[in-house]
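The primary structure of each chain is shown beneath.
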Amino acid sequence: MDSKVTQISREDLEELREAFNKIDIDNSGYVSDFELQELFREASFHIPGYKVREIVEKFMAGDTNKDEKISFEEFVAIYQEMRSKEVRETFRKCISRRDGIRSFGGTSKISSEGTQHSYSDEEKVAFVNWINKALADDPDCKHLIPMDPETDSLFKSVKDGILLCKMINLSQSDTIDERVINTKKCTPFTMTENLVLALNSASAIGCTVVNIDAQDMKAGTPHLVLGLLWQIIKIGLFADIEISRNEALIALLDESEDLEHLMSMSPEDLLLRWVNYHLKAAGWEPIRNFSDDIKDSRAYFHLLNQISPKGDVDDEMRIDIDMSGFNERDDERRAELMLKQAERLDCRQFVTPNDVVAGNHKLNMAFVANLFNMYPALNRPASNGIDYTIEGETRETRTFRNWMNSLGVSPHVNHLYSDLHDGLIILQLTKDLNYFNLCALNLFKFITMNNSCRYTLKVLSDIGDGEKVSDQVIIDWVNNTLKQGQKDSYINSFKDKSISTSLPVIDLIDTIVPKAIKYEMVKTGELTPEDRLNNAKYAISVARKIGVRVYALPDDLVEVNPKMVMTVFACLMGRGLKKADG
């Protein structure tokens, strides 16, 4: 415990510990950012919510182990500083300046005057290198790539929205129909369109974009750019660390463990389990985290040695890991020798030797996730009479999960049902969405019974001035609007077969925002299944581009999923009425 903590009296320290334990209900030894204000209240220290958010933001940026959690010792250090100085002065000084942390003045409208934000230089370098490699051959990014990791070129490169759109598609393929991206001679208006498309698409795949707008990205606000990029990159890295998508992960099941438990684990926990599976095979001790336990690089040496190709598969070239660096005495030199072996696997990404030795949790986790994606070295075990039937989440379930994550709930929702069992997510949703006029119990029933995915309730509430809006009201508005736009499309219900062509959606968008649709890209007449899917992709991407936050997927339109179809039309109705109101 550092000197700041020991300066507090034993009595005060005991009171703080009692307050901390009340909030730390799972006895993890940590609290998350959304719990910090309540923790201050328990400690009889009341400060405004926005000040808590500012403190958390700055503290997380300077967090030495990058675990994105607040321990008791870290809380005490913040508390002592808050008690001893004015809040504003504390915010500037409570986090000591560390190498690799850059600070800059706040510029956004929602930032209070004098606010400072910080970002990690190591993260900027890691993300730039990852993006440079990922987009190296993309012709639409030749004016951006390669970026210089030693400068602030990243923050300038996001302003036209193209890079963000491309990275979203790399993380979740076909999220954005790339025909919709403005790539030629971008103007300030078309750049903004791209950024709106990117932000709404990022939200649809589960990124938290609350309080981020196109102007923040156009200005290249560092902490917001890096925060959004990390979410996008992480979603891509973790996409296949999920049992229903990668059944070889069943090999990680312990002898006395139920498959259901393994399936409920988060991607990060599965990743840790995967590392320890290979470390056990190597006769090496397990690790507990991606920070302190990997600092000496020795676990990494063993991991690389276990997963490297052995040449026992057709057309596979054997790669032998040189373990001689394992006994190097200097930690940083040992880390460099380890990374040279990772480079032979084309996996030297995200971390430098210093990041390994410093135990940077975020970047080391990304490094390991990339190793998993490249060389999982797992085989699905034989059933031996055990039922290993795996049911993946439905599209509707995934959509609802992404919606919740886009609102910034904590902890992150990886599995819709198992992650809601303690009610904490439900309470956050009902607190943030109190205009739903639903209590936590009703919302819990609503989710667990897999009812209609009505994340559009706010839109519907706005449309009806707080009153319930029926399906027929939406249908009537859609048809009247199409008629006013002199369109031939018409729907009888949200089950109307014509919706499978996406033409009613496309025509409605063009009526709401004239010339938003390029009809030369729309297929009409006798449509093949591919034509229908391409129309749906185009419709949803253009909807997002004009500012409609659509969470539904193209397949929902093609298959005419009435619940998800309703959300598309309801959100378009909200956009249309907003335009009508000026």
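Residues numbered from 1 in each chain as written. Predicted model: local features only at pLDDT ≥ 70, side-chain atom pairs only at ≥ 80, totals over all residues. Heavy atoms only, no water.

Looking at an unreviewed UniProt entry, one finds the protein named Plastin 1 (I isoform) and attributed to Cyprinus carpio.

Caption draft 1: Expanded view of the overall build of the protein. Within the protein, the secondary structure is distributed over 27 helices and four strands. Residue burial in the protein is summarised as follows: out of 582 residues, 52% are buried. Partitioning the intrachain contacts of the protein with sequence separation of at least 6 by distance along the chain shows that 60% fall at a separation of at least 24. (Helix = DSSP H or I, 4+ residues; strand = E, 2+ residues; numbered from the N terminus. Buried < 20%, exposed > 50% of the residue type's maximum accessible area, 1.4 Å probe, protein only. Contact = heavy atoms within 4.5 Å.)

Caption draft 2: Main features of the side chain of Arg334. Structurally, the position occupied by Arg334 is in helix H16 (residues 331-344). Judged by its relative accessible area of 2%, Arg334 falls in the buried class. The contact partners of Arg334, leaving out residues within four places of it in the chain, are Asp296, Ser297, Arg298, Phe301, Gly325, Phe326, Glu328 and Arg329.

Caption draft 3: Quick look at the nonpolar core. The biggest cluster of nonpolar side chains holds 128 residues, and the ones touching the most others in it are Leu163, Leu271, Trp274, Phe367, Phe569 and Leu572. Among the elements that take part in this core, helix H12 (residues 222-238) stands out by supplying eleven residues, more than any other. Leu271 has contacts with Phe238, Ile241, Phe290, Met365, Val368, Ala369 and Phe372, leaving out every residue within four places of it along the chain. Counting 16 residues, the second largest nonpolar core, distinct from the first, contains Leu36, Ile55, Phe75 and Val76. (Core = buried A, V, L, I, M, F, W, Y, C linked by side-chain atoms within 4.5 Å.)

Caption draft 4: Here's a closer look at the confidence of the model for the protein. For the protein, mean pLDDT is 83; residues scoring 70 or higher make up 78% of the total. Segment residues 1-6 is flagged for pLDDT under 50; beyond a separation of four residues in sequence, or across chains, it makes ten contacts in the model. Below pLDDT 50 for its whole length, residues 86-98 participates in 29 contacts with residues either more than four positions away or in separate chains. (pLDDT = per-residue confidence, 0-100.)

Caption draft 5: Here's a closer look at the environment of Tyr300. Here Tyr300 is to be found in helix H15 (residues 298-307). Between the C-alpha atoms of Tyr300 and Val275, which are 25 residues apart in sequence, the distance is 8.9 Å. Tyr300 has contacts with Ile294, Met338, Val356, Asn364, Phe367 and Val368, leaving out every residue within four places of it along the chain.

Caption draft 6: Structural context of the pattern of salt bridges. Using the criterion set out here, one finds 24 salt bridges in the structure. Salt-bridge contacts for Asp293 lead to Arg288; the nearest nitrogen and oxygen are separated by 3.1 Å. Several salt bridges share partner residues, and in doing so they unite Asp138, Asp140, Lys166 and Glu178 into one network. (Salt bridge = Lys/Arg side-chain N within 4 Å of Asp/Glu carboxyl O.)

Caption draft 7: Inspection of the packing of H12 against helix H18 (residues 361-374) at higher detail. Running from N to C, H12 and H18 point in directions that differ by 35 degrees, and their axes come no closer than 9 Å. Crossing geometry of H12 relative to H18 is assigned as left-handed. Of the residues in H18, those touching H12 at Trp230, Lys234, Leu237 and Phe238 are Lys362, Met365, Ala366, Ala369, Asn370 and Asn373. Residues belonging to the contact of H12 with H18 are distributed by class as follows: six nonpolar, two polar and two charged. (Axes fitted to C-alpha atoms, helices over the stretch in contact; angles between N-to-C directions. Left-handed = near helix turned anticlockwise from the far one by under 90°. Nonpolar A, V, L, I, M, F, W, Y, C, P; charged D, E, K, R; others polar.)

Caption draft 8: Local environment of unusual backbone geometry. Backbone torsion omega between Ile145 and Pro146 reads 5 degrees, so that peptide bond is classified as cis. Put simply, Ser410 and Pro411 share a cis peptide bond, and its omega is 5 degrees. With respect to the helices and strands, Pro411 occurs in the loop between helix H19 (395-406) and helix H20 (424-432). Non-glycine residue Lys185 carries a positive phi angle of around 45 degrees. Among the structural elements, Lys185 can be located in the loop between helix H9 (162-171) and helix H10 (188-204). Classification of Lys185 as exposed rests on a relative accessible area of 82%. At Asp346, a residue that is not glycine, the phi angle is positive and equals roughly 60 degrees. When you line up the elements, Asp346 lands in the loop between H16 and helix H17 (353-358).

Caption draft 9: Representation of the packing of aromatic side chains within the structure. Across all of its chains, the model carries nine aromatic pairs by this definition. When the centroid spacing of 5.4 Å and the interplanar angle of 75 degrees are considered together, the rings of Tyr119 and Phe155 count as edge-to-face. Of this pair, Tyr119 sits in strand S4 (residues 116-120) while Phe155 is found in helix H8 (residues 153-157), placing the two residues 36 residues apart along the sequence. We note that Tyr119, like Phe155, is buried. Ring centres of Tyr300 and Phe367 lie 5.1 Å apart, and the angle between their planes is 70 degrees; this geometry places the pair in the edge-to-face category. (Phe/Tyr/Trp six-rings, centres within 6.5 Å; stacked < 30°, edge-to-face > 60°.)

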